[in-house]
Structures are given as C-alpha cells and as structure tokens.
Amino acid sequence: MDDAFELADALGPEKVLYLQDPGAGLRAILVIDNVAAGPALGGTRMAPDVSLAECARLARAMTLKNAAASLPHGGAKAVIFADPKMAIADKERLVRAYAHALKDVRDYIPGPDMGTDEIAMAWVHDTTGRAVGLPREIGGIPLDEIGATGFGLAVALEAAEPFGAVPIAGARVALQGFGAVGMHAARHLVERGSRIVAVSDSAGSIHRDEGLDVSALIDWKRQGRSVADFSEGEARSRDAIIDVDCDIWIPAARPDVIHAGNVERLRARVVLEGANIPLTEDAERRLAERGVVVLPDFIVNAGGVICSAVEYRGGREGEALAIIAEKLRTNVAAVLHRAEQGQVLPREAAVAMARERVLAAMRYRRTY
Ligand SMILES: NC(=O)C1=CN([C@@H]2O[C@H](COP(=O)(O)OP(=O)(O)OC[C@H]3O[C@@H](n4cnc5c(N)ncnc54)[C@H](OP(=O)(O)O)[C@@H]3O)[C@@H](O)[C@H]2O)C=CC1
Ligand SMILES: O=C(O)CCC(=O)C(=O)O
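Model, not experiment: these values are computed from the prediction.

Caption draft 1: Focus on the environment of R192. Relative to the helices and strands, R192 resides in the loop between α6 (180-191) and β7 (195-201). As a C-alpha pair, R192 and R338 span 146 residues in sequence and 27 Å in three-dimensional space. Non-local contacts of R192, meaning those with residues more than four positions away in its chain, are made with A154, I168 and A169.

Caption draft 2: Structural view of the site of ligand 2. If you check the shell around ligand 2, you find 14 residues, and the closest are G43, G111, G304, V305 and S308. Looking at the shell around ligand 2, the elements that each hand over two or more residues are β3 (40-47), α1 (52-68) and α10 (303-312). Classifying every residue of the shell around ligand 2 by side-chain character gives five nonpolar, seven polar and two charged.

Caption draft 3: Region of interest: the sheet that holds strand β11 (residues 270-272). Taken in spatial order, the seven strands line up as β9-β8-β7-β6-β10-β11-β12 in an open sheet, and their pairing is mixed. Looking along the sheet, the strands with just one partner apiece sit at the ends: β9 (234-236) and β12 (293-295). Pairs of neighbouring strands in the sheet enclose a mean axial angle of 20 degrees, with direction left out of account. In terms of strand pairing, β7 meets strand β8 (residues 204-207) through four bridges, oriented antiparallel. The residue of β8 that forms the bridge with A198 is H207.

Caption draft 4: Up close: the sheet that holds strand β4 (residues 75-81). Spatially, β1-β2-β4-β3-β5 is the arrangement adopted by the five strands of the open sheet, whose pairing is mixed. Here the strands that pair on one side only, and so sit at the sheet edges, are β1 (15-21) and β5 (108-112). Strand-to-strand twist across the sheet, computed as the mean angle between neighbouring axes with direction ignored, equals 25 degrees. Where β3 lies against β5, five bridges are found, and the strand directions are parallel.

Caption draft 5: Just unusual backbone geometry, in detail. Look at the link from G12 to P13: it is a cis peptide, with omega at -5 degrees. By the secondary structure assignment, P13 is in the segment before β1. At D256, a position not held by glycine, the phi torsion is positive, near 55 degrees. Tracing the sequence through the fold places D256 in the loop between β10 (248-251) and β11.

Caption draft 6: Quick peek at the domain arrangement of the protein chain. By the assigned domains, the protein chain splits into domain 1 (15-63 + 74-139) and domain 2 (148-302 + 334-352). A C-alpha centroid distance of 26 Å is found between domain 1 and domain 2. On the domain 2 side, the residues contacting the four residues of domain 1 number five residues. Class assignment of the residues belonging to the side of domain 1 that touches domain 2 gives a composition of two nonpolar, no polar and two charged.

Caption draft 7: Seen up close, the packing of α1 against helix α12 (residues 346-363). Where α1 meets α12, the axes come as close as 8 Å, and the angle between the chain directions of the two elements is 80 degrees. As summarised for this structure, α1 and α12 are arranged roughly perpendicular, according to the angle between their axes. Judged by residue contacts, T63, L64, A67 and A68 of α1 engage A350, V351, M353, A354, R357 and V358 from α12. Split by residue class, the contact of α1 with α12 holds eight nonpolar, one polar and one charged.

Caption draft 8: Focus on the site of ligand 1. Within the structure, ligand 1 sits among 27 residues, and G177, G179, S202, A275 and G304 are positioned closest to it. If you list the elements that add at least two residues to the shell around ligand 1, you get α4 (143-146), α5 (148-160), α6 and β7. In terms of residue count, α6 provides more of the shell around ligand 1 than any other element does, three residues in total. A class-by-class count of the residues in the shell around ligand 1 yields ten nonpolar, twelve polar and five charged. Counting contributing residues per domain, the shell around ligand 1 is built from domain 1 (15-63 + 74-139) and domain 2 (148-302 + 334-352), each supplying no fewer than three.

Caption draft 9: Representation of the environment of A36. Within the secondary structure, A36 is located in the loop between β2 (26-34) and β3. Between the C-alpha atoms of A36 and M362, which are 326 residues apart in sequence, the distance is 5.0 Å. For A36, the residues in contact, after removing those within four places along its chain, are G74, V358, A361, M362 and R365.

Cut-offs applied
- Every residue gets a number counted from 1 within its own chain, in the order that chain's sequence is written.
- The naming scheme follows written order: chains are lettered A onward, ligands numbered 1 onward.
- Per-residue local features are limited, in this predicted model, to residues with pLDDT of at least 70; the limit for side-chain atom pairs, both in listing and counting, is 80 or more; totals at the level of whole chains, interfaces and linings are taken over all residues.
- A run of H or I in DSSP counts as a helix once it spans at least four residues, and a run of E counts as a strand once it spans at least two, with each numbered from the N terminus.
- Our contact criterion uses C-beta atoms placed from the backbone: two residues qualify when those atoms are within 7 Å.
- The rule is simple: place the C-beta atom from the backbone, and if it lies within 6 Å of a molecule or strand, the residue is near it.
- In this classification, Asp, Glu, Lys and Arg are treated as charged, Ala, Val, Leu, Ile, Met, Phe, Trp, Tyr, Cys and Pro as nonpolar, and every other residue, Gly included, as polar.
- Two strands are said to pair when DSSP picks up at least two bridges between them.
- Note on geometry: axes are lines fitted to C-alpha atoms, helical ones only across the stretch in contact, with angles between N-to-C directions running from 0 to 180 degrees.
- In this entry, domain limits derive from an automatic or database-based domain assignment.
- An angle counts as roughly parallel when it lies under 35 degrees, as roughly antiparallel when it exceeds 145, as roughly perpendicular when it falls between 65 and 115, and as oblique in every other case.

Next up, the structure:
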C-alpha cells in the first residue's frame, strides 16, 4: 500500500496494528476503527486469507454495529493468519502469542469470530485479562454455544414482517454456512415454523424440499462431518446453495460471497445477512432493483456482540437474550421505517442512523 492512510475517513480507523512473532509463527493484524463510544469490541478471526482492506471493512462494520445497538463500545477486528483447523496444542501456542502481543492494547477487547471460540478467548483472557465470549466456568457467556447471533437473526426477521418481509412461519430457508451462526439461526427459525430446504458448509451443500431435520443435522455437524454427507437429502456442490429456490437466503460464512458475477442466480425474496459484509454494494443494489429485501448485517447479526457487551459488564445469559431481543426489534423497525420514509435502501438508512450516533459520540471526546 503506497498511501498509509488509504483506508482513512472521518470515522477511522484510529489504529492499524501489525503483530509479528517469528519464533511463535505469529502473523496478525488488528484494525481499531473507532473508540469514541468506549473500548472497541470485535472478533478475532483465524483465517489464512484476509486482506488488510477486508479487515478494515469488518472493523467498520463493528463500529456501525455497536453504535446502532447503542453499546458503550467502539469497533475493531483482528485477523490471525493461520489455518483454524490446526492441532489444538499449536492453536493454543499461537493464540497465546497473539494475546501476548496485544496485552498493552487496552482499547481493544477481543471476542470470538470465524476460526476462534470461547476456548481461544479463555487463552486470550488468561494472558491479557481482557476478552469476551468466555466459557461459563470463568464467568463468561459462551455466545456461540448459546447461539446469541442466530437467536437475534430470528428476532430480526419477526420484526421485519410488518414491513412486508416474508412471514417466518412456512418460509423456505437456505443457509450458506453451518457454524455458530448458521446452525442456531436454523434452529430458531424451525422453532418459529420455517422449513430449512438447503444448507452448505465449506465442503458442499445438502438439499431437501420437504425440509431438513435440523437437530439431526446439528448433531451430525458437531461430529466433525460435512453437511453434504448427511444421511437425508440430495448432496450438491458447495456453491449450489446460491441457486436454491427459497423465500429467505441467509449468508452465514464469508465476506463478499454474493457479487456482480453471481447475484442474478439468487432466487430468494429476502436476504438476512448473518455473516458480516456478505454482499458487495453492487449486488445489494441489484437485488433491491429486483424487489428483494436485504436486511443489513450490522443491524441483524448484532446478537453476538450485544451478548459480549452484557458479559463485559458482568451480566448473565438470560439478561443478554432479553436485551438482544429488545434491541433487535427496536432497531429493525427503526431502520425499515426510516428506509420507507426516505425511499432508500435498508442499508442506507442503517448506515445513516449508526453514523449519526458515532459522530455524536465523537463530539463528546476531548480531542474532537
Ligand atoms: N459468531 C457470531 O456470533 C457472529 C458471527 N458473525 C459472522 O458470521 C459469519 C459466520 O460466523 P460463525 O458462524 O461464527 O463462523 P464458524 O466458523 O462457526 O462457521 C462458519 C461456517 O461457514 C462455512 N464456510 C466457510 N467457507 C464457506 C464457503 N465458501 N461456502 C459455504 N460455507 C462456508 C464453514 O464450513 P465448515 O464447517 O466446513 O468449516 C462453517 O460451517 C462470519 O462472517 C462472522 O463474522 C457475525 C456476527 C456474530
Ligand atoms: O462478540 C464479539 O465480541 C465479537 C462480535 C463480532 O466480531 C461480530 O459481531 O462480527
């Protein structure tokens, strides 16, 4: 990058850190986007292939998410460059080296993300005294185990119903990704009467028009198998999930999975963004032109970080779920109402609302 400030705008990033420990094999980056509302919350991802620009976009999504949810936290994201499926002892060494490199970075509170979990956060906490999404045994609320984000996605969809989104009961749903977000979203939607007609993971996809048995599929996946090898349904390629004829399509895996090159294949009426930045801007605009409602990531997938913020203040699990439900209902309604009034996309309404809050928080700061 020729210009070190290429990523900078009026909100951030405030800090971009490069963490390297050759002895431990650690290579990581941390983007602290904005801390006007308080120390930044955001996940630490373990993946081999995330660019600095992508990390910065994910950090910005956290700033907007935390502001939209009125949390006393700014936004950040970190990436440890490594294969998350490495042997557990190697993973522990690497995560502890990462935590050691971070121990004086007091304006970032790491949380779990793709490739990390509550155990990884316990290692970070042991080294730094700062992390969220911790195991219960050390006072945490294991947000992936309880499915905080999947629960929030189901609540968000309910809140969108009065604005013309598809009714949950009877909806045919396809999910891309069947990890912490995808499996819990599926479980909560089935409880509300939806039918899960297709699911994918990194190895393939499984399809069944009559609906998949989601609790059996979760058990199967937890045994370390791919959804594509599940005993019922028809196995297809990983990306066949994009072509599924369904009412609701839920990305719950990687960024930018729907783009100009494949957006025309999507056949859903609603896209519920479980993953962060799963659609490129042009894909989102194209879907809007076709009348597809896209419920924006940083509004609807805020369940996990709301849970983290409750945990950070010493709150308990039941309280966290009640706060997630209340904040998501309010925010989805506020965003869709603002979009209707202003004749803009839900994302445009959501960004405007969150930016106003970040800028207001910045005005309270001494340095402003
Ligand atoms: N966890 C949380 O609370 C929150 C997560 N998010 C976002 O949601 C997304 C998913 O997170 P999470 O569920 O925690 O992550 P996990 O690592 O638990 O699960 C990710 C899932 O995506 C699958 N996957 C990976 N690449 C592909 C691909 N190319 N096609 C299809 N599936 C793929 C993985 O497959 P396999 O099982 O084979 O590895 C896995 O099933 C991320 O974007 C994350 O940032 C957002 C808010 C909160
Ligand atoms: O729960 C956390 O602290 C991290 C949440 C996060 O990274 C996300 O919402 O994408």
